Amino acid sequence: MRRPNLLITGTPGVGKTTLGKELASRAGLSYVNVGDLAKEGELYEGFDEEYDCPILDEDRVVDELEARMSEGGVIVDYHGCDFFPERWFHIVFVLRTDNSCLYDRLHSRGYTGKKLQDNIQCEIFQTLYEEAVLSYKKEIVHQLPSNTPEDLERNLDQIMQWIEQWMKDNN
Ligand code: DAT
């Protein structure tokens, strides 16, 4: 049976992991958090002193995921999307969160100073949405509000419907 691959992207803190894991469990798809995958496999190519974090080795991440993506049925979660092969994804969701709400989430995650400000700016300038529409066909890129538990539930319902329809159309 053919199953779709979904990308969930957006600024850190918008709710990608929360949505991705729950969706995977409801839809019976597998969930890949690219940050965790890189950590486990040490898929890095250096260290960014300014941001105090390792630099992702994008080519190795793509190599690591290629076989699973060709099989289908994978939900990928990452705060970046321009280095994945376009052909991998059948649909792309960009989660969006209001500034004050995102500020509180990142602050309670322990982000302060430049790191906190940069992430808020990333959301204000809709950096990830623009990256997504430049990297994938516009018709498959969808923005979803991710401020409240009601938003989460609505997003889950809508995406579940999309998955069911895709499975009908492709099997
Ligand atoms: P991300 O994976 O994008 O970094 P997350 O899933 O870890 O984000 O969520 C960050 C925090 O926000 C976490 O405490 C859960 C909460 N959260 C996520 N989605 C939410 C929503 N729709 N409404 C309220 N809180 C939400």
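No experiment lies behind these values; they were computed from the predicted model shown. (Residues numbered from 1 in each chain as written. Predicted model: local features only at pLDDT ≥ 70, side-chain atom pairs only at ≥ 80, totals over all residues. Heavy atoms only, no water.)

## Considerations on the UniProt feature "binding site: ATP" (unreviewed entry) in the protein
Moving on, step 1. Following the UniProt record, the feature "binding site: ATP" (unreviewed entry) maps to Gly13, Gly15, Lys16, Thr17, Thr18 and Arg109 here.
Moving on, step 2. The class for Lys16 is buried, based on a relative accessible area of 7%.
Moving on, step 3. Non-local contacts of Lys16, meaning those with residues more than four positions away in its chain, are made with Ile8, Thr9, Gly10, Thr11, Asp77, Tyr78, His79 and Leu95.
Moving on, step 4. At 3.2 Å, the side chain of Lys16 and the backbone oxygen of Thr11 are in polar contact.
Moving on, step 5. For Thr17, the location among the structural elements is in helix 1 (residues 16–27).
Moving on, step 6. A relative accessible area of 31% places Thr17 in the partly exposed class.
Moving on, step 7. Not counting residues up to four positions away in its chain, the partners in contact with Thr17 are Tyr31, Asn33 and Asp77. (UniProt positions renumbered as here; feature names shortened; annotations may be inferred. Buried < 20%, exposed > 50% of the residue type's maximum accessible area, 1.4 Å probe, protein only. Contact = heavy atoms within 4.5 Å. Polar contact = N/O pair within 3.5 Å; in protein donor to acceptor, adjacent residues only side chain to side chain. Helix = DSSP H or I, 4+ residues; strand = E, 2+ residues; numbered from the N terminus.)

## Topic: the state of the cysteines
Moving on, step 1. Inspection of the entire model under this criterion finds zero disulfides.
Moving on, step 2. Free of any disulfide, Cys81 has its nearest cysteine sulfur in Cys122, 11 Å distant.
Moving on, step 3. The class of Cys81 is buried, set by a relative accessible area of 0%.
Moving on, step 4. With no disulfide partner, Cys101 has as its closest neighbouring cysteine sulfur the one in Cys122, 16 Å distant. (Disulfide = S-S within 2.5 Å.)

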